[in-house]
Amino acid sequence: MSRVRQRFRGRIAGVGSTSGTRVVVGHWHDTPLGGFSDAMVETAGGHRVLLAPHQDAADFISATYSFDETRIEPFEVAVAGSRWEVRSPSLRLDLTLGGRTPLGLALRAVPARVAESPSWCTLTDPVARLALRGVRTRGTAGNGRREWYGATDTHRIAGLTGSFDRAHLGRLADVDPPCRFGFSSTPRRPSVTTVVTTVEMPQA
């Protein structure tokens, strides 16, 4: 069976909170589905929720990752300087970004065309597993799909306020335990990563 690859370019914010809820926000500017934003939320009790802006995004994401619940609702991310404002009926999140991390400095030293390639992601996967608990740069996803995460930059997140289902999240905390949406979590330390995600799937 032939296979096809699709690429999603954007940024991923991963945060934990003192309430125990962990949130992964995807802010995508170049994808086969057009630009969109979404969030994956795992509550302290382990309930995994996908928040997607339309059915096409929900179908693609839920076919790749695992959730207990999917909600299709208006979803917007506004980025202004060092601030992210995430808004949907279910989720309100204000993030304050800090400086580039040492990992970000190292990533920027790698040419983008190299860093984004599946071959490079395969090479760096053992290093990521050792250095960043829960993080993988390649793996097997749902429905016979394979994925590669090509990171090119990362900044720390310095502050968080917000709520999920009108319950306050509390203060910023590590992403601990790792999220259970797929084969990889975001880094334990809250961060925003610039990334190219390559998804390979059986061709219909």
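Provided above is the structure to which this section pertains.
This write-up is about the structure you can find in this document.

The rules we used
Residues numbered from 1 in each chain as written. Predicted model: local features only at pLDDT ≥ 70, side-chain atom pairs only at ≥ 80, totals over all residues. Heavy atoms only, no water. Helix = DSSP H or I, 4+ residues; strand = E, 2+ residues; numbered from the N terminus. Buried < 20%, exposed > 50% of the residue type's maximum accessible area, 1.4 Å probe, protein only. Contact = heavy atoms within 4.5 Å. Phe/Tyr/Trp six-rings, centres within 6.5 Å; stacked < 30°, edge-to-face > 60°. Pairing = 2+ DSSP bridges. Right-handed = clockwise from strand over helix to strand, strands pointing away. Salt bridge = Lys/Arg side-chain N within 4 Å of Asp/Glu carboxyl O.

Inspection of the secondary structure assignment puts L93 in strand β8 (residues 91–100). Given the relative accessible area of 0%, L93 is considered buried. With 12 residues separating them in the primary sequence, L93 and L105 have C-alpha atoms 27 Å apart. When neighbours within four sequence positions are excluded, L93 is seen to be in contact with V15, V23, V25, W84, E85, V86, R87, L160, T161, G162 and L169.

Once that is clear, we can look at the packing of aromatic side chains. On inspection of all chains with the given rule, the structure shows 3 aromatic pairs. With centroids separated by 6.3 Å and ring planes inclined at 80 degrees, the aromatic side chains of F8 and W28 adopt a geometry described as edge-to-face. Separated by 20 residues along the polypeptide, F8 in strand β1 (residues 3–17) and W28 in strand β2 (residues 22–30) bring together distant segments of the chain. Pair check on accessibility: F8 and W28 agree, each one buried. Note on F67 and F181: the rings are 5.7 Å apart at their centroids and 35 degrees apart in plane angle, and the pair reads as tilted. Linking F67 in the loop between α1 (55–64) and β5 (69–72) with F181 in the loop between β12 (172–173) and β13 (191–202), this pair joins segments that are 114 residues apart in sequence. A relative accessible area of 5% places F181 in the buried class.

Where strand β4 (residues 48–52) meets β5, 4 bridges bridge the pair, whose relative direction is parallel. Opposite L50, over in β5, you have T70 as the bridge partner. Since β4 and β5 lie parallel, the crossover through α1 that links them has a hand, and here it is right-handed.

Where charged atoms from two side chains of opposite charge approach closely, those side chains can pair. Evaluation of the coordinates by the stated rule reveals 16 salt bridges. Notably, a salt bridge pairs R188 with D176, separated by 3.5 Å at the nearest N-O pair. A residue pair is termed long-range when its members are at least 10 positions apart, and R188 in the loop between β12 and β13 and D176 in the loop between β12 and β13 qualify at 12 residues. A relative accessible area of 36% places R188 in the partly exposed class. For D176, a relative accessible area of 37% corresponds to the partly exposed category. When salt bridges with common partners are traced through the structure, they connect R3, R5, R146 and E200 into a single cluster.

Those residues of α1 that sit buried are A57, A58, F60, I61, A63 and T64. In the core, the buried residues of α1 are packed alongside β1, β3 (36–42), β4, β5, β10 (146–164) and β13.

It is worth spelling out the pairing of β2 at this point. Relative to β2, β1 runs antiparallel, the two sharing 7 bridges. Each residue of the ladder has a partner; that of G10, found in β2, is W28. Counted between consecutive antiparallel strands, the loop separating β1 from β2 contains 4 residues, among which G20 sits at a positive phi close to 95 degrees. Inspection of the sheet shows β2 paired to β3 by 7 bridges, in the antiparallel sense. The partner of V25 across the bridge, within β3, is A39. Counting the residues in the hairpin turn of β2 and β3 gives 5 residues, including G34, whose phi is positive at 85 degrees.

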